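Residue-level structural notes
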Amino acid sequence: MCRLFGMTTGGPRVHATFWLLDAPDSLSSQSRRMPDGTGLGWFSLSEEPVRDRAPIAAFKDADFNAEARDVVSHTFMSHVRYASTGRPDVHNSHPFVMDDRLFAHNGMVRGLDVIRSWLSDVDRAQVRGQTDSELVFAYVTAEIRRHGDTTAGLIAAVRRIAAEVPVFALNVLLAESGRLWALRYPDTHELWVLKQELGEEEATRRLEAGREPGRVHVSAHREAAPAHVLASERMDGAPGWRLLDPGELLVVDGAVATSLFPFDPPAHRVSLDDLSVTEATSQT
């Protein structure tokens, strides 16, 4: 099963090294079980999305390891892949970029020809790989354009997908500069959130005491930055991890997180017994 990671402070630029490389269950560690692709996305100083992808495991990827240590941003997204749709290929590795947004997906949907029929030629031209994930993102992007609002467009897209095509799991991370959307849908796979609340004095004490699991800091100034961390599984022993509810859409805008529940259960739910051996292996 693929693994998702997202983090945003909403403003201050930080490193994500702990979560990507050093946490007890870091993305690098998880990639030993999910070897079919890795990617890291962030936002540049000009607030443009940047991503680096490779069709290999993160722990083998020198670029991933270097960027995990060096890149600073207010918003990160990373993904390690166990392929269910589409071969290991750079174009099938997450995160994807469209319209200045980053997107990553954990799960599987069917009916790709149906979803493709909802797209214009311009929408389809953005799709470079063979995954259900990228096709879903293209449709989400089209709905955001149509609605003129990211939350409304994402909700509209997921509602139509859930109503008209078979869904096994649609766990999603979507990011704009300083904003992050996280969806757990329906209840097939887990998605966790950790809200960090480190004040400057407390952060200084922890930094002086040595490495603190789960800390986020701006290395150049050694100042704390509150952050929301999203992950497919708890990545350390911090007590604040919360499992998103089935169907919960968490919208993190700056330092404020809001939970929405706008979705009905899938009309055509796919069970584990409905999957092929290859599909089931990738989803369990």
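Residue positions are given per chain, counted from 1 along the sequence in the order it is written. pLDDT decides what is reported in this predicted model: residues at 70 or higher carry local features, side-chain atom pairs at 80 or more are listed and counted, and totals for whole chains, interfaces and linings draw on all residues regardless. Calculation of side-chain values draws on the structure's entire complement of heavy atoms; hydrogens and water are dropped beforehand.

1. Description of the sheet that holds strand β12 (residues 227-231)
Spelled out, the test is: Here, any two strands with at least 2 DSSP bridges between them count as paired. Only runs of H or I of at least four residues qualify as helices and only runs of E of at least two qualify as strands under DSSP, and these elements are numbered from the N terminus. Pairs of residues are marked as contacts when any of their non-hydrogen atoms sit within 4.5 Å. Axis lines are fitted to C-alpha atoms, over the contacting stretch for helices. Their N-to-C directions set the angle, which ranges from 0 to 180 degrees.
What the seven strands build is an open sheet, ordered β3-β2-β4-β1-β12-β9-β13; its pairing is antiparallel. Every interior strand has two partners, whereas the edge strands, β3 (49-54) and β13 (242-243), have only one. For strand β1 (residues 3-8) and β12, the ladder comprises four bridges, and the chain directions are antiparallel. By the bridge assignment for β12, T8 is matched with H228. Lying on the sheet, helix α3 (residues 62-70) is in contact with β2 (38-43), β3 and β4 (75-80); it crosses β2 at an angle near 30 degrees.

2. A closer look at the sheet that holds strand β8 (residues 179-183)
Reading across the sheet, the six strands line up as β5-β6-β7-β8-β14-β15 and stay open at both edges, with antiparallel pairing between neighbours. Lying at the two open borders of the sheet, with one neighbouring strand each, are β5 (96-98) and β15 (256-260). With strand direction ignored, the average angle separating the axes of adjacent strands in the sheet is 20 degrees. In this structure, strand β14 (residues 249-253) lies alongside β15, joined through five bridges in antiparallel fashion. Looking at the pairing, L250 lines up with S259 of β15. With respect to the sheet, helix α6 (residues 132-147) is in contact with β5, β6 (101-109) and β7 (167-176), its orientation differing from that of β6 by roughly 125 degrees. Against the sheet, helix α7 (residues 150-164) touches β6, β7, β8, β14 and β15, its axis set at about 165 degrees to β7.

3. Side note on the pattern of salt bridges
Definition in use: Only one rule defines a salt bridge in this text: a Lys or Arg side-chain nitrogen within 4 Å of an Asp or Glu carboxyl oxygen.
Under the defined criterion, the tally for this structure stands at 13 salt bridges. Residue E47 pairs with R13 through a salt bridge whose shortest N-O separation is 3.3 Å. You can see E47 sitting in the loop between β2 and β3 and its partner R13 sitting in the loop between β1 and α1 (17-22), a full 34 residues away along the chain. Salt bridges sharing common partners tie together R101, E176, R179 and D253.

4. Structural notes on unusual backbone geometry
Quick reminder of the rule: Relative accessibility under 20% of the residue-type maximum defines a buried residue, over 50% an exposed one, and the middle range a partly exposed one, all with a 1.4 Å probe and only protein chains included.
A cis amide bond links H94 with the next residue in sequence, P95, at an omega value of 0 degrees. By the secondary structure assignment, P95 is in the loop between β4 and β5. Omega for the bond connecting Y185 with P186 falls within 30 degrees of zero, at -15 degrees, which places this linkage in the cis form. For D99, which is not glycine, the phi torsion reads 50 degrees and is therefore positive. Tracing the backbone shows D99 in the loop between β5 and β6. By relative accessible area, D99 is classed as partly exposed at 34%. The phi angle at D100 is positive, at roughly 65 degrees, despite the residue not being glycine. Checked against the element boundaries, D100 lands in the loop between β5 and β6. Judged by its relative accessible area of 52%, D100 falls in the exposed class.

Keep in mind these numbers describe shape, not what the thing actually does.
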